[in-house]
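# Residue-level structural notes
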Amino acid sequence: MTNSIEEIGDARCILAIGTNTTDDHPIIALEIKKAIDKGGKLIVADPRKIDLVSRSHVWLRQRPGTDVALLMGMARVIVDEDLLDKAFIEERCENFEEFKDSLRSFDLNHVSEITGVPAAQIVEAARLYATHGPSSILYAMGITQHSHGTDNVMATANLAMLTGNIGKPSSGVNPLRGQNNVQGACDMGALPNVYPGYQGVAAPALVEKFEAAWACALPAEPGIVLTEMFHAMAEGRIKAVYLMGENPVLSDPDAKHIDEALGKLEFLIVQDIFLTETAQFADVVLPATSFAEKDGTFTNTERRVQRVHKALDPVGDSKPDWQIICDIARRMGAQGFDFANPSEIMEEIADVTPAYGGITYQRLDSGGLQWPCPFEDHPGTKYLHADIFVRGKGRFMPLEYKPPREEPDDDYPLILTTGRNSYQFHTGTMTRKSKGFDDMHGEEEVEINPQDAESLRIADGDKVQVSSRRGKVTTKAKITENSPKGVVFMTFHFAETRTNLLTNPALDPISKIPELKVCAVRVEKP
């Protein structure tokens, strides 16, 4: 997030796009409601009638996969009606004229035809966002998990720069992370093209820096991302995998391909707190500890580094992840893994990662700190880009609308989009162990619009088969207006109904994220 969670409550306008915040980030949703109670305006852009719609001032019900057209349409209104922040654009941004020229492709009638959103609603949303600053954009995987997810995010940045809604309190572009330490994992270099702190592996000076710090030779070329790894496994280019805290058998698209790829490995290690569906493919399972059984830190969605204190003794032979990794590394003859406790690891992080340079366990015991925090007397950073962007000037990005890779046809006439519900989490590794959560929501359902259900002669509660070009599953129908006509919705929490057998593995060409939010399906009685 460019800004802090507590700032959301003071925003005068919030654009929530691709985020079912009340279900997926309920604490952050309280800040949205706080802003509304103070007189702030809420714009919700979502194909589904999510809970936030009842509190919204404008609901933009776009067709799945049309977010770029919608956001660029809003930008077109802001430019045409001269609602832009000219001083901010002149002082802080570049490439505006090229961006402005690209807006010619987003005539409102054309945008309305693509998105299904009436032009008058697009105009109303654009005016609210541009004139009720500070305005904050919140988004989640509803706009990133597309074959053009990078363009979607760039479109949100264009809107923020166009109106000067960045670099000040209660504004910004704020991704809501899907898990509690996704931000921290990325910060620590769990990406194929960067070292900790987003320091690029292709920069010779940085390679030298980390070779000196770690006393070893390092490759100067980026690796491959998770989605590409499974193709490499299937082709025999990757023969062994060490997998930690991930359950791709349930979470990744085209799950049949995931099964086949894992089955071709010569050696698979899985390190997790439970015997997950993926761990059942493993040659070796290493038992890790849960958050309550270890010391360390998590870095949350607002860049806040927070201490975790051990509350329980580990179960059985389980150990903290860092300790398992160090034990294995030492047995393989590696140097530099002689840490006695996590605080020593944090000291190394601070030494090699400028954004974490001022973060110590001693300071964290007094409360969390938001990076960048470069020095020990630095208070942390509540919001980014106050005076300058990291790259210097913010660059406007001309964009074009690209449809989803897979659209409905006669054989597969409906769009499937996926997400979560408030009673289960991700692949259910933890929440499915709780009887209380399973009592509240213990099986998969496919949400289907009443008009589609009527035409298919499906009643509420009927067992139905959902099929795509990649697979099929059987589940229970839930008839609801929450799904628009032509769109069905499922979660991916349940091993008994592997929704991702259906989903499309088409990737965004830049981020390599799969198009989990749009695929063509057929629903019928088995």
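As the structure is a prediction and not an experimental result, all values here were calculated from the model.

Rules used throughout
Residues numbered from 1 in each chain as written. Predicted model: local features only at pLDDT ≥ 70, side-chain atom pairs only at ≥ 80, totals over all residues. Heavy atoms only, no water. Axes fitted to C-alpha atoms, helices over the stretch in contact; angles between N-to-C directions. Helix = DSSP H or I, 4+ residues; strand = E, 2+ residues; numbered from the N terminus. Parallel < 35°, antiparallel > 145°, perpendicular 65-115°, else oblique. Left-handed = near helix turned anticlockwise from the far one by under 90°. Contact = heavy atoms within 4.5 Å. Nonpolar A, V, L, I, M, F, W, Y, C, P; charged D, E, K, R; others polar. 1 Å grid on protein atoms, 1.4 Å probe; cavity = no way out; pocket = protein on both sides within 12 Å on 5 of 7 lines; lining within 4 Å. Points joined across faces, edges and corners; volume = space filled by probe spheres on them. Pairing = 2+ DSSP bridges. Domains from an automatic or database assignment. Buried area = accessible area lost by both parts, 1.4 Å probe. Salt bridge = Lys/Arg side-chain N within 4 Å of Asp/Glu carboxyl O.

Turning our eyes to something else, we now look at the packing of helix α13 (residues 226-234) against helix α15 (residues 255-263). Where α13 contacts α15, the two axes come as close as 8 Å, and the packing angle between them is 55°. Relative to α15, α13 is oriented oblique. Classified by chirality, the crossing of α15 by α13 is left-handed. Contacts between α13 and α15 pair Phe230, His231, Met233 and Ala234 from the former with His257, Ile258, Ala261 and Leu262 from the latter. Grouping the constituent residues of the contact of α13 with α15 by class yields six nonpolar, two polar and no charged.

With that settled, consider empty space enclosed by the protein. Taken as a whole and assessed by the stated rule, the structure comprises one cavity of 30 Å³ or more. Of the voids in this model, the largest cavity is the one considered here, and its volume is about 90 Å³. Lining of the largest cavity is provided by Thr227, Phe230, His231, Asp252, Pro253, His257, Ile258, Pro505 and Leu507. Counting only elements with at least two residues in the lining of the largest cavity, the list comes to α13 and α15.

One closed barrel holds the six strands; their spatial order is β16-β20-β17-β19-β18-β21, and the pairing between them is mixed. Strand after strand, the sheet turns through a mean of 45° between neighbouring axes, direction not considered. Summarising the sheet, strand β17 (residues 445-448) and strand β19 (residues 472-479) pair through four bridges and their orientation is parallel. Along β19, the bridge assignment pairs Glu447 with Lys478.

Here the focus is the domain arrangement of the protein chain. The domain architecture assigned to the protein chain consists of domain 1 (5-176), domain 2 (182-370) and domain 3 (414-524). Between domain 2 and domain 3, the C-alpha centre-to-centre distance is 30 Å. Across the boundary between the two partners, domain 2 contributes 17 residues, which contact 18 residues of domain 3. For the pair domain 2 and domain 3, the summed buried area comes to about 1,500 Å², and 66% of that belongs to carbon and sulfur atoms. Sorting the residues of domain 2 by area buried against domain 3 places Leu250, Pro253 and Asp254 first, and these three jointly supply 37% of that buried surface. Viewed at the interface, domain 3 and domain 2 are joined by two salt bridges.

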